[in-house]
Amino acid sequence: MSERRPNEQSSGNMPDELTRLQELAYNLWWSWTTDARRLFQTIDPTLWRLSRHNPVKLLHELKPERLASLNEDPVFARLYASVLKAYDEYMGDSATWFAGRYPHLTRSTVAYFSAEFGLHNSIPIYSGGLGILAGDHCKEASDLGIPLVGLGFMYPQGYFHQRMSADGWQEAEYEPFNKLESPIQRALTPDGQPCQISVQIDQHTIVGIVWQVRVGRATLYLIDTDVPENQPWDRELSARLYGGDHNVRLRQEILLGVGGVRVFRALGISPAVWHANEGHSAFLTLERVRELVQAGRSHAEAVDVVRQSTVFTTHTPVPAGHDVFSFHQIEQHFEGYWEQLGMTRDAFLQLGAHPDNPGAGFNMTALAMRLAGHVNGVSREHGRVSRVMWRSLWPGLEDDRIPIRSITNGVHA
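Residues numbered from 1 in each chain as written. Predicted model: local features only at pLDDT ≥ 70, side-chain atom pairs only at ≥ 80, totals over all residues. Heavy atoms only, no water.

A positive phi angle, near 55 degrees, is found at D202, a position not held by glycine. Its place among the elements puts D202 in the loop between β6 (196-201) and β7 (204-215). We note that Q203 has phi near 70 degrees; this positive angle belongs to a residue other than glycine. The topology assignment puts Q203 in the loop between β6 and β7. (Helix = DSSP H or I, 4+ residues; strand = E, 2+ residues; numbered from the N terminus.)

Below, the structure written as structure tokens:
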């Protein structure tokens, strides 16, 4: 499938001396670097405002005469050179916090899965706190030198904008955004081909292409099902964040977890740690067990390997905040999959059963906690509440010995 790279058409208008403006625009390092933002604002303050601070769109719409004028401006040249120097020093710095603290782990990649990432408003694939936390994780990993790669969805309609109707009801308005005018590009496999994966869901194949976002030293990969190979209803699968009914949500989560593992395999990335941010991506644990069993491991050995290398962060300490799907839905969408894990149908379904209410359905948080060796809440009090809430997964243990830690949310400033 042939795709033009974003902003390819505008590169011919760029003076040779300014060509690295595009490189800067496609790395979100600029979004948290004051001088870099000032550089793009200086190019055209009006366009900067109208583009909602999106440098890719700014450069896409800039007139060639303005570029020629900037190329002759010594004040702009000094700022440009200063920003490039800071960028190159940042990207080339090998003496990071992580390298100094854990030099033996600098090649041990962390794969961070999340249904949403709040990085910048030019990439509207987030709705609130969970996404902002995930975005801040990427930015902080970049600053600290942690070898992190993110995995999420490319929602072409983003999250909805809220407005109030005349009679006082909230209305949702989706605003499609132009991927060609956003700081995203197609992800390429090691042999230089556009990355594409496929997942069997409900007896038919869904194809996903993969986009990438540069976040300083970190990279975020995004799955997109809006491709001609898919049926119209499957093309809509990644259309919007938290949209659709329970069937759409389940199919999204299969694609995020199972498909996400396959994205990294296709890209030649072998993470040492797999981090599921909330239960939306918990199916990644099943796909990794399947891989190991198919490679010759016993089911018990595979589960042990997956547990040792999986981290799960739970966020919402109320029952309604955890995805639960009917056992019928799970059986329908995973028919034949459990044999590849070396499991029976009943044992497979029990992975998501909540001991307090085993007939309620397949609970994604229960699945994640059973197959993750490291579980944490997002504040000390949340950790305490979660230990009480999920104590039945560890029968016989006192609450303070239940292995759910707490790591308080931070922010990237």
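Back to the write-up after that little detour.
By the secondary structure assignment, H120 is in the loop between β1 (110-113) and α8 (129-144). At 2.8 Å, the side chain of H120 forms a polar contact with the side chain of S122. (Polar contact = N/O pair within 3.5 Å; in protein donor to acceptor, adjacent residues only side chain to side chain.)

Quick look at helix α16 (residues 364-371) now. For α16, the tally of buried residues reaches seven of eight residues, placing the bulk of the element in the interior. Those residues of α16 that fall on the buried side of the exposure criterion are M364, T365, A366, L367, A368, M369 and L371. Between a side-chain oxygen at the N-terminus of α16 and the backbone nitrogen of T365 the separation is 2.9 Å; the capping residue is N363. (Buried < 20%, exposed > 50% of the residue type's maximum accessible area, 1.4 Å probe, protein only.)

In this structure the tally under the stated criterion is 18 salt bridges. Ionic pairing is found between D88 and R20, a salt bridge with its closest N-O pair at 2.7 Å. Of this pair, D88 sits in helix α6 (residues 74-92) while R20 sits in helix α1 (residues 20-25), and the two are 68 residues apart along the sequence. On the basis of relative accessibility, which here comes to 37%, the residue D88 falls in the partly exposed class. Where salt bridges share partners, they join R20, E23 and D88 into one cluster. (Salt bridge = Lys/Arg side-chain N within 4 Å of Asp/Glu carboxyl O.)

A word on the nonpolar core. Soluble globular proteins tend to bury their nonpolar side chains together. Y221, F283 and F348 are the most contacted members of the largest nonpolar core, which totals 117 residues. With residues near it in sequence (within four places) discarded, F348 still touches L286, I330, F334, Y337, W338, L341, M343 and F362. (Core = buried A, V, L, I, M, F, W, Y, C linked by side-chain atoms within 4.5 Å. Contact = heavy atoms within 4.5 Å.)

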